[in-house]
There are 4 protein chains.
Amino acid sequence: MPSPSRAGVPAFNAAELDPVKQKLVTACHILDREGITDGYGHVSARVPGTTAFLTIANVSPGCATVDRLIMLDRDGAYLGGAETPPNEWPIHACVLKARPDVMSVCHTHSVWSTLFSVLPIKLRPLHHYGKFLPAAGPPVYDAAGLVRTVERGDALAEVLGDGPVVLMRAHGDTVVGASIEQAVQRTVRLAKLGELLHLALLHGEPRYLTAEELDTFSADERFPARGWEYFVSRLGK
Amino acid sequence: MPSPSRAGVPAFNAAELDPVKQKLVTACHILDREGITDGYGHVSARVPGTTAFLTIANVSPGCATVDRLIMLDRDGAYLGGAETPPNEWPIHACVLKARPDVMSVCHTHSVWSTLFSVLPIKLRPLHHYGKFLPAAGPPVYDAAGLVRTVERGDALAEVLGDGPVVLMRAHGDTVVGASIEQAVQRTVRLAKLGELLHLALLHGEPRYLTAEELDTFSADERFPARGWEYFVSRLGK
Amino acid sequence: MPSPSRAGVPAFNAAELDPVKQKLVTACHILDREGITDGYGHVSARVPGTTAFLTIANVSPGCATVDRLIMLDRDGAYLGGAETPPNEWPIHACVLKARPDVMSVCHTHSVWSTLFSVLPIKLRPLHHYGKFLPAAGPPVYDAAGLVRTVERGDALAEVLGDGPVVLMRAHGDTVVGASIEQAVQRTVRLAKLGELLHLALLHGEPRYLTAEELDTFSADERFPARGWEYFVSRLGK
Amino acid sequence: MPSPSRAGVPAFNAAELDPVKQKLVTACHILDREGITDGYGHVSARVPGTTAFLTIANVSPGCATVDRLIMLDRDGAYLGGAETPPNEWPIHACVLKARPDVMSVCHTHSVWSTLFSVLPIKLRPLHHYGKFLPAAGPPVYDAAGLVRTVERGDALAEVLGDGPVVLMRAHGDTVVGASIEQAVQRTVRLAKLGELLHLALLHGEPRYLTAEELDTFSADERFPARGWEYFVSRLGK
């Protein structure tokens, strides 16, 4: 079934989206299973070749199903699926608009991201899992409260810049990836890195990884098939 | 079957109470599943249009069933159900008496509430989940020990005042809501806020949310259908 | 079937021991389920009317079965059951010998007991769960290493004195009770109290419960039917 | 089926390896179940009487199966099994080459090992579980990043020396044993010891075990049948 036609939105074939939809649901379940989301948060995926994106409706990631996905245009216009968009759809719309390289966006209320969002300490990487992060740590979007408007979404995207992560004060994080798998693995690793840094800081000044060290690391970060298989294997356990 | 008639207690139809009873049992199971209760604690719900309330008998929240609920009047008089009231029924009786706006009360031994009950530090909100709390944090009921008398229950209600939460020294917390769902979600969020504040304080002075910021937040706090669906989905996992 | 006759050991009827044996196995499973034991540790129960006691053989509490129990006399003499006694049987033999009021002994490597066993800080109670503890906290048996001899067992019992708990340096704890249920609930609560004190101490000097306050508390500590039902309900989840 | 013949590699009978393979898979599952591995890490076992070793292919320990094992020679030459070796096969090749007494090697990204790898604090033992460690704690391999070359593998083996453990900066640990069971139990205990030391250090200087004390301990460390049975019993729970 072709999509509703709308000026500026290329047509797409719903059947082609089925694997994306299924992966998006799996991504939501993974973030829930790994203890990152807690009833709130969402994952989105760009609809290839269009300005549209898919995300979950106003439901918990742990309760996501294919029938509870929604398709929105970059301005929030409804293009299909479950009727009620998440309150914070501008996070996804604005980041995907500003970052053509990004295919997927995760927004969570991760406790470790929230922690570093309210402290005058940067979440600098201490483990090679942090290869995807800048050595100085991700920036913090300083405005507290939900991102329910395009103005706030654009401001968030501006702080994100061309980086992989933006922390959100008193709120959580937004993490981007070149694929759903990458965005999810980065989100999980960001939480692990945050926990590790928290633990280390309790004992004094840890030895951080330098930018030079991070540059030299090889990692399966771009297409994390191994991590994805592992996360999937844990669902339902 | 009409309730036992008793001076000052309006009659009620038991069948109308069935959904409330089922929700009360679910609330108990949620607090257990989320790691808030530990064999002790209870949830109560006002019987609409009466001075009576329902709560669990002297059993663990995790072991609650509809058959183990008890109905009491505000003075502790037995009105039906399981025979043995919880030792601390005055918590519920006295708070519901003092607060006509409250429909449900949760009492737990949450480790995070207990922690801030024995420290000279207020549990001030650091995340927008804390919208329901005063910016200065909840008050502490200072008398250690169980609340087994109406005198202590009234004193607890006085410290609670018109707020959402009172911490109880060396004991836990009492949290109120305009619905069972709201009281439960507030209880879970209070624990999350306590844990986050604990973590943040280990690194110095965090950036608290101001009263102005808390005021501006929108939230589905009043009728938390989304959070409730999520909590229910986790039961039995 | 009567027990093997032996000088000084009254005969007992094996069938009468079956409920004790089953409860002992359940106790082991509870301590494992609650995260207190970790492959090591044991629970014992006095055989009523004799100088003998039952405990698990040299197996993990989480792997206990009725067939893996062993009966020993107070000097370690084998009286029946699984053939291999636990290495540290003198803990149980010596404490039961020294304390006629004690019916059950738990020995675990609880992380929270171990923590306070290597610090110059007493595990003083901060929650009314600590009613069973002295306000000054339990003593520490200072000799590191296993308790594999009667000499060490007697020394341990001497440090225990007439109290409920003795911590064991670089090792764990030994907790006694007037019943299996009480010993188990005390062991679990000791861990909870240790965790709470650990958390509180990170923020400065907490407000401890005074001896006067502890005295005034009422609690279902002596026969903890409610806690026991709860622990049992969690087995297999 | 005899192995591929190759200069310097004695023939072996594949059927004889089946129990080793099964145990290796179980070892991987245990490390995953106990929360030590997280999608990354691997366990290896020497092929008796040869210079070859078995390990998992480039998959997560939690996803290991007998069909996903690979046999490599000490120089990384492929000898059979799943086609893709783990990136860090030199860890195993070089340690097994340097240490004829070692039959099994575990490499994990344990958070507790990583923590002490980035701090100027030694992971000294505080519990008798640390009997296998030197009283001064294990050394740290200082080069950050993956061990994907023989040069790095040899350097790691040199820092390991004749000890049981080497921590790896910003990475994790490598732990050796005289059997698969011993290497696994040591890995789990190292994590427990790291967590305990972390907790203790937050409260000041703990009382460490002395070298003399560690020497006097008896333990079932060499062939940990009891611990292994326990770990196996927890799989699938």
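In this convention, every chain numbers its residues from 1, walking through the sequence in written order. Chains carry letters and ligands carry numbers; both start at the beginning, A for chains and 1 for ligands, and go up in the order they are written. It should be noted that, the model being predicted, local features are given only for residues of pLDDT at least 70 and side-chain atom pairs only at 80 or more, the latter also being counted only at that level, while totals for whole chains, interfaces and linings use all residues. The side-chain values count all of the structure's non-hydrogen atoms but skip hydrogen atoms and water molecules.

**Description of the nonpolar core**
Part 1 of the reasoning: In terms of nonpolar packing, the biggest core is built from 206 residues, with Val-184 of chain A, Val-184 of chain B, Val-184 of chain C together with Val-184 of chain D touching the most fellow members.
Part 2 of the reasoning: Each residue touching Val-184 of chain B, except ones within four places of it in the same chain, is listed here: Ala-27, Ile-30, Leu-31, Cys-106 and Trp-228 of chain B. We call a set of buried Ala, Val, Leu, Ile, Met, Phe, Trp, Tyr and Cys residues a nonpolar core when their side-chain atoms join them within 4.5 Å. To sort residues, take the accessible area from a 1.4 Å probe on protein chains only and compare it with the maximum for the residue type: under 20% means buried, over 50% means exposed, and anything in between is partly exposed. Note on contacts: a residue pair is in contact if any heavy atoms of the two residues lie within 4.5 Å.

**Concerning the arrangement of the chains**
Part 1 of the reasoning: Between chain A and chain C there is no contact, and the shortest C-alpha to C-alpha distance separating them is 10 Å.
Part 2 of the reasoning: The two units chain B and chain D never meet; even their closest C-alpha atoms stay 10 Å apart.

**Concerning the pairing of strand β4 (residues 78-81) of chain C**
Two faces make up the sheet, and in a regular strand the side chains alternate between them.
Residue and element names in this part refer to chain C.
Part 1 of the reasoning: The pairing of strand β3 (residues 69-72) with β4 spans three bridges and is classified as antiparallel. When the sheet's bridge partners are listed, Ile-70 is paired in β4 with Gly-81.
Part 2 of the reasoning: Note on pairing: DSSP must find at least two bridges between two strands before they are called paired. Each helix is a run of DSSP H or I of at least 4 residues and each strand a run of E of at least 2, with the numbering of both proceeding from the N terminus. Counting the residues between successive antiparallel strands, the hairpin from β3 to β4 contains five residues, one of them, Gly-76, with a positive phi of roughly 90°.

**A look at the interface of chain B and chain C**
Part 1 of the reasoning: Taken together, the contact between chain B and chain C spans 34 residues of the former and 26 residues of the latter.
Part 2 of the reasoning: Interface area for chain B against chain C, summed over the two sides, is near 2600 Å², with a carbon-plus-sulfur share of 55%.
Part 3 of the reasoning: It is Tyr-40, Val-118 and Arg-169 of chain B in chain B that bury the most area against chain C; as a group they hold 23% of the surface buried on that side.
Part 4 of the reasoning: For this analysis, a salt bridge means a side-chain nitrogen from Lys or Arg found within 4 Å of a carboxyl oxygen belonging to Asp or Glu. Along the contact surface separating chain B from chain C lie four salt bridges.
Part 5 of the reasoning: Here Arg-207 of chain C and Asp-142 of chain B are joined by a salt bridge, their closest N and O atoms 2.6 Å apart.
Part 6 of the reasoning: For this analysis, a polar contact is any N or O atom pair within 3.5 Å, provided that within protein one partner can donate a hydrogen and the other can accept it, and provided that sequence-adjacent residues contribute only side-chain to side-chain pairs. At the boundary of chain B and chain C, one finds 14 residue pairs in polar contact (both at pLDDT 80 or more).
Part 7 of the reasoning: Elements represented by at least two residues in the side of chain B that touches chain C include exactly α3 (111-117) and α5 (180-201) of chain B. A quick way to say it: buried area is the sum, across both parts, of accessible area lost when two parts are put together, with a 1.4 Å probe.

**Side note on the relation of the copies chain B and chain A**
Part 1 of the reasoning: The least-squares superposition of copies is restricted to C-alpha atoms, and to residues with a pLDDT of at least 70 in both copies. Laying chain B over chain A is done by rotating through 90° and shifting 0.0 Å along the axis; what remains is an RMSD of 0.0 Å. Here the transformation between the copies is reduced to the relation of a four-fold axis. No C-alpha of chain B lies nearer the rotation axis than that of Leu-202 of chain B, which sits 5.1 Å from it.
Part 2 of the reasoning: An overlap of only 4% is found between the interface residues of chain B and their copies at the interface of chain A, pointing to separate contact surfaces.

**Remarks on the interface of chain B and chain A**
Part 1 of the reasoning: Between chain B and chain A, the residue contacts involve 26 residues of the former and 34 residues of the latter.
Part 2 of the reasoning: The largest contributions to the chain B side of the interface with chain A come from His-203, Arg-226 and Tyr-230 of chain B, which together make up 31% of the buried area.
Part 3 of the reasoning: Our count for the contact surface shared by chain B and chain A stands at four salt bridges.
Part 4 of the reasoning: Salt-bridge contacts for Arg-169 of chain A lead to Glu-213 of chain B; the nearest nitrogen and oxygen are separated by 2.4 Å.
Part 5 of the reasoning: For the pair chain B and chain A, the interface holds 15 residue pairs in polar contact (both at pLDDT 80 or more).
Part 6 of the reasoning: Looking at the side of chain B that touches chain A, the elements with two or more residues in it are α5 and α7 (225-234) of chain B.
Part 7 of the reasoning: Take the side of chain B that touches chain A: its biggest share by element is six residues, from α5 of chain B.

**Looking at the sheet that holds strand β2 (residues 53-56) of chain C**
One key point about sheets: their strands pair by backbone hydrogen bonds, in either a parallel or an antiparallel sense.
Residue and element names in this part refer to chain C.
Part 1 of the reasoning: In spatial order, the strands read β4-β3-β2-β1-β5-β8-β7-β6; together these eight strands make up an open sheet with mixed pairing. Of all strands in the sheet, those with a lone pairing partner are β4 and β6 (140-141), marking the two edges.
Part 2 of the reasoning: Examined bridge by bridge, strand β7 (residues 165-168) and strand β8 (residues 172-177) share four bridges and lie antiparallel to one another. Bridge pairing links Leu-167 to Asp-173 in β8.
Part 3 of the reasoning: Contacts between helix α1 (residues 14-33) and the sheet are confined to β1 (42-46), β2, β3 and β5 (104-108), with β1 contributing the most and set at about 155° to the helix.
Part 4 of the reasoning: Structural elements are reduced to axes, namely lines fitted to C-alpha atoms, with helices fitted over the stretch in contact, and the angle between N-to-C directions of any two is expressed from 0 to 180 degrees. Sheet contacts for helix α5 (residues 180-201): β1, β5, β7 and β8; angle to β8, the most-contacted strand, approximately 145°.

**A few points about the sheet that holds strand β1 (residues 42-46) of chain D**
All names here are of chain D.
Part 1 of the reasoning: If you trace the eight strands from one edge of the open sheet to the other, you get β4-β3-β2-β1-β5-β8-β7-β6, paired in mixed fashion. Across the chains shown, the open sheet's two edge strands, defined by having one partner strand only, are β4 (78-81) and β6 (140-141).
Part 2 of the reasoning: Direction of pairing for β1 relative to strand β2 (residues 53-56): antiparallel, over a ladder of three bridges. Counted as the bridge partner of Ser-44 is Thr-55 from β2.
Part 3 of the reasoning: Each of β1, β2, β3 (69-72) and β5 (104-108) touches helix α1 (residues 14-33); the most contacted strand, β1, lies at about 155° to it.
Part 4 of the reasoning: Along the sheet, helix α5 (residues 180-201) contacts β1, β5, β7 (165-168) and β8 (172-177); its crossing angle with β8, the most-contacted strand, is approximately 145°.

**Details of the side chain of Ser-104 of chain A**
Residue and element names in this part refer to chain A.
Part 1 of the reasoning: Among the secondary structure elements, Ser-104 is positioned in strand β5 (residues 104-108).
Part 2 of the reasoning: Using a relative accessible area of 0% as the deciding quantity, one classes Ser-104 as buried.
Part 3 of the reasoning: Excluding residues within four positions of it along the chain, Ser-104 makes contact with Val-43, Ser-44, Ala-45, Leu-96, Val-175, Val-176, Gly-177, Ser-179, Ile-180 and Ala-183.

**Concerning helix α2 (residues 89-98) of chain C**
Part 1 of the reasoning: Most of α2 of chain C sits inside the fold, with eight of its ten residues counted as buried.
Part 2 of the reasoning: Three or more residues of α2 of chain C are buried, namely Trp-89, Pro-90, Ile-91, His-92, Ala-93, Cys-94, Val-95 and Leu-96 of chain C.

**Re the packing of aromatic side chains**
Part 1 of the reasoning: Geometry of aromatic contacts follows a simple scheme: Phe, Tyr and Trp rings, the Trp one being its six-membered ring, pair when their centres are within 6.5 Å, and the pair is stacked under 30 degrees between planes, edge-to-face over 60, tilted otherwise. Applying the stated criterion across every chain yields a total of eight aromatic pairs over all chains.
Part 2 of the reasoning: A ring pair is formed by Tyr-230 of chain A and Phe-231 of chain A, whose centres lie 6.2 Å apart and whose planes are at 45°; its orientation type is tilted.
Part 3 of the reasoning: Residue class for Tyr-230 of chain A comes out buried when judged on its relative accessible area of 3%.
Part 4 of the reasoning: Residue class for Phe-231 of chain A comes out buried when judged on its relative accessible area of 7%.
Part 5 of the reasoning: Note on Tyr-40 of chain C and Tyr-129 of chain D: the rings are 6.0 Å apart at their centroids and 65° apart in plane angle, and the pair reads as edge-to-face. Of the two residues, Tyr-40 of chain C is situated in the loop between α1 and β1 and Tyr-129 of chain D in the loop between α3 (111-117) and β6; the pairing between them involves two chains. In this structure, Tyr-40 of chain C and Tyr-129 of chain D share a single accessibility class: buried.
Part 6 of the reasoning: Any Lys NZ or Arg CZ found within 6 Å of a ring centre and within 35 degrees of that ring's normal is scored as a charge over the ring. Sitting over the ring of Tyr-208 of chain C, Arg-124 of chain C keeps its end group 3.7 Å from the ring centre.
Part 7 of the reasoning: Here the guanidinium or amino end of Arg-189 of chain C rests over the ring plane of Tyr-40 of chain B, the centre of that ring lying 5.0 Å away.

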